[in-house]
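Coordinate analysis (summary)
The primary structure of each chain is shown beneath.
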Amino acid sequence: MKKIIIQGTIIILLFLASYFVLSQIDLVNVFKVQKVANKTEQKLGELFWKTIKETANENNNLHILESVDKIVNQICKSNNIDRETIKIHVLNKNEINAFALPNGHLIVYSGLLLNSENQDVLIGVISHEIAHIKLNHIMKKLVKEIGLSVLISMTTGSGGPEIIKETAKMLSSSAFDRSLEKQADIKAVDYLISAKVNPEPFANFLYNLSDKEYATPQYLNWISTHPDSRERAEYIIEYSKNKSIDYEPILSHETWEKLKIELNNLQEN
Amino acid sequence: MIQIKQFNYEPSEHEAETASSSYLMSLIAIIVGLPLPIVNLFATLIFYLGNRKATYFVRWHCTQALLSQLSMLFVNSYAFWWTVSIIFKDETITNNYIAYIIVALIFNLVEFITTIYTAIKTRKGIHVEWWFYGTLTNNICKV
């Protein structure tokens, strides 16, 4: 019996010692893990953005782009986020939707800009999507939904165009896990508070979404991609309760109004 | 690590074949069980249960194969769930993770090679005892 215990202990010690010695080496750098992951994400980002771009025209109105850019700049600046990592695109589409693609591509539909009751709602939605990007939710969702091997085959060009199209559609119109949505909401509230933006209108917006009477066909997309809106509104309010500070608008009243006018003109045309 | 020993008696052709199969069981199951480490254990366990009343030589080797699979189950399960949590949850690839995977792979490889070697030798009726597992089997498996 003593022999068994000694031999067993030696095996366990051998295992642990090898593990300890190897873990002292910077293996992440040796295997260039980050570099490979970044390259895959970059390729996927370009691929999906190209596919999404084909579904609608890219907005090139200077005032609209500058206004959205100003919002993103302020959120990034206040939260020490490298602005270069967020690539914002505004697409002319009546759908009320915003979503993130791999490698920091953030797509905002003009329908969302036009239908946001005030700038705080829009900033809330953009912060929520930036949070998804920064928390690496997009790649996690892709791996979970379609698998790592299919993703890698896409980057090497062997993935069929139909799969790429369907995956891009999935990214724009399906929800993340409930826990990931919550994480992104909480992170978004942090971003908003740092940027001196009131999170309450964003919470109210979510609360209204849960109200069926509010659910006009236009809003259906947002509701389907962001379920349990009432619950989410409640925890956003709860989380931001004791964090009230002096809020400051990112866009001036005139800029916001002009943005709406430009968007209305765009829609009429 | 591996010792060729004289068994109590000379095993028959049929015994050698069955004993050798107990090792092959875990190898064949690798094809199915690669992502799920428990499949290998189940295959060996079923084979072990099926041969509980077999001759001593067969039982002895079934037990050694089962014990080796059982210990690898712990190593591989930890690696499996760690990988799952990296892919689906918030864990990231760290030096610790890569180190663990390398060690787990080395141990699996050693076990794999030893299993093949033992399966070949046992098929010829040669009795092979593994370090630690052989001693443990001698304690568990009685005539």
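Quick caveat: nothing in here was measured; it's all calculated off a predicted structure.

What counts and how
Chains are numbered independently. Their residues run from 1 in the order of the written sequence. As they are written, the chains are lettered A onward and the ligands numbered 1 onward, keeping that order. Local features are withheld for residues below a pLDDT of 70 in this predicted model, meaning they are given only at 70 or higher, and side-chain atom pairs are given and counted only at 80 or more; totals for whole chains, interfaces and linings count all residues. For helices the rule is a DSSP run of H or I covering at least 4 residues; for strands it is a run of E covering at least 2, with both sets numbered from the N terminus onward. Partly exposed residues are those whose C-beta has more than 12 but fewer than 20 other C-beta atoms within 10 Å; 20 or more makes a residue buried and 12 or fewer makes it exposed, with C-beta atoms placed from the backbone. Here contacts are defined at the residue level, using C-beta atoms placed from the backbone and a cut-off of 7 Å between them. Core membership is restricted to buried Ala, Val, Leu, Ile, Met, Phe, Trp, Tyr and Cys residues, and these are joined into a nonpolar core through C-beta atoms within 7 Å. Scored between 0 and 100, pLDDT is the confidence that the predictor attaches to each residue. Angles shown run from 0 to 180 degrees and are taken between the N-to-C directions of axes, each axis being a line fitted to C-alpha atoms and, for helices, limited to the stretch in contact. When an angle is under 35 degrees it counts as roughly parallel; over 145 it counts as roughly antiparallel; between 65 and 115 it counts as roughly perpendicular; any other value is oblique. By definition, any crossing whose near helix is turned counterclockwise from its far helix by less than a right angle is left-handed, and any crossing with a clockwise turn is right-handed. Strand pairing follows a simple DSSP-based rule, namely that at least 2 bridges must link the two strands. Each helix should span, by expectation, one fewer than its residue count multiplied by 1.5 Å. All amino acids are sorted into three groups, where Ala, Val, Leu, Ile, Met, Phe, Trp, Tyr, Cys and Pro are nonpolar, Asp, Glu, Lys and Arg are charged, and the leftover types, Gly among them, are polar. To obtain the bend at a residue, axes are fitted to the seven residues ending there and to the seven starting there, and the angle between these axes is taken.

Helix and strand counts for chain A stand at 14 helices and four strands. Expressed as a percentage of its 269 residues, the buried residues of chain A come to 33%. When contacts within chain A are restricted to residue pairs at least 6 apart in sequence, those whose partners lie at least 24 apart make up 73%.

All right, on to the nonpolar core then. Counting residues in each nonpolar core, the largest one holds 57 residues, and the members touching the most others are A:Ile71, A:Val108 and A:Ile126. Excluding residues within four positions of it along the chain, A:Ile126 makes contact with A:Ile71, A:Val72, A:Ile75, A:Ala98 and A:Val108. Grouped together as the second largest cluster of nonpolar side chains are 19 residues, B:Ala43, B:Val58, B:Ala119 and B:Trp130 included.

As a further point, take the confidence of the model for chain B. Model confidence for chain B is summarised by a mean pLDDT of 86, while 93% of its residues fall at 70 or above. What the predictor reports for the complex is a pTM of 0.68 with an ipTM of 0.88.

A few words on the packing of helix α4 (residues 62-78) of chain A against helix α14 (residues 253-268) of chain A. When two helices pack together, their arrangement is given by the angle between the helix axes and the distance between those axes. Residues and elements named next belong to chain A. The N-to-C vectors of α4 and α14 enclose an angle of 135°; their axes lie 9 Å apart at closest approach. One element, α4, and the other, α14, form an angle in the oblique class. Read as a crossing pair, α4 and α14 show a hand that is left-handed. The residues of α14 that touch α4, namely those facing His63, Ile64 and Ser67, are Thr255, Lys258, Leu259, Glu262 and Leu263.

Moving on, we get to the sheet that holds strand β1 (residues 57-58) of chain A. Residue and element names in this part refer to chain A. If you trace the four strands from one edge of the open sheet to the other, you get β1-β2-β4-β3, paired in mixed fashion. Each of the sheet's edge strands pairs with one partner strand only, and the pair in question is β1 and β3 (98-101). Here strand β2 (residues 87-92) runs beside strand β4 (residues 105-109); their pairing, made up of five bridges, is parallel. Residue pairing across strands places Ile88 opposite Leu106, the latter belonging to β4. Lying on the sheet, α4 is in contact with β2 and β4; it crosses β2 at an angle near 145°.

What follows is about helix α1 (residues 2-23) of chain A. Relative to the 32 Å expected for 22 residues at 1.5 Å per residue, α1(A) spans 31 Å between its end C-alpha atoms, a close match to the ideal helical length. With zero of 22 residues buried, α1(A) lies mostly on the surface of the structure.

A few words now on unusual backbone geometry. Look at A:Lys196: it is not a glycine, yet its phi comes out positive at around 60°. Considering the arrangement of structural elements, one finds A:Lys196 in the loop between α10 (178-194) and α11 (200-210). Of note in this structure, B:Phe132 is not a glycine but carries a positive phi near 70°. Inspection of the secondary structure assignment puts B:Phe132 in the loop between β2 (127-130) and α5 (133-140).

Taken together, the contacts link 19 residues of chain A with 17 residues of chain B. Breaking the side of chain A that touches chain B down by element, the ones donating at least two residues are α1, α2 (27-30) and α7 (137-146) of chain A. The element contributing the most residues to the side of chain A that touches chain B is α1(A), with 10 residues. Considered class by class, the residues forming the side of chain A that touches chain B number 11 nonpolar, four polar and four charged.

Further remarks concern helix α3 (residues 56-88) of chain B. At 3.6 residues per turn, the α-helix brings residues three or four places apart onto the same side. In this model α3(B) runs 47 Å from its N-terminal to its C-terminal C-alpha over 33 residues, within 8% of the 48 Å that 1.5 Å per residue would give. At B:Leu73, α3(B) is deflected by roughly 25°, the largest bend along its length.

So, on to the pairing of β4(A). Residues and elements named next belong to chain A. With respect to burial, β4 is a largely interior element, five of its five residues being buried. Here β4 shows two buried faces, one formed by His105, Ile107 and Tyr109 and the other by Leu106 and Val108. As paired elements, β3 and β4 share four bridges and run antiparallel to each other. The residue of β4 that forms the bridge with Leu101 is His105.

Residues and elements named next belong to chain A. Within the fold, Ile126 resides in helix α6 (residues 119-134). Accessibility expressed as a C-beta count within 10 Å gives 25 for Ile126, which makes it buried. Linking Ile126 and Leu192, residues 66 residues apart in sequence, is a C-alpha distance of 10.0 Å.

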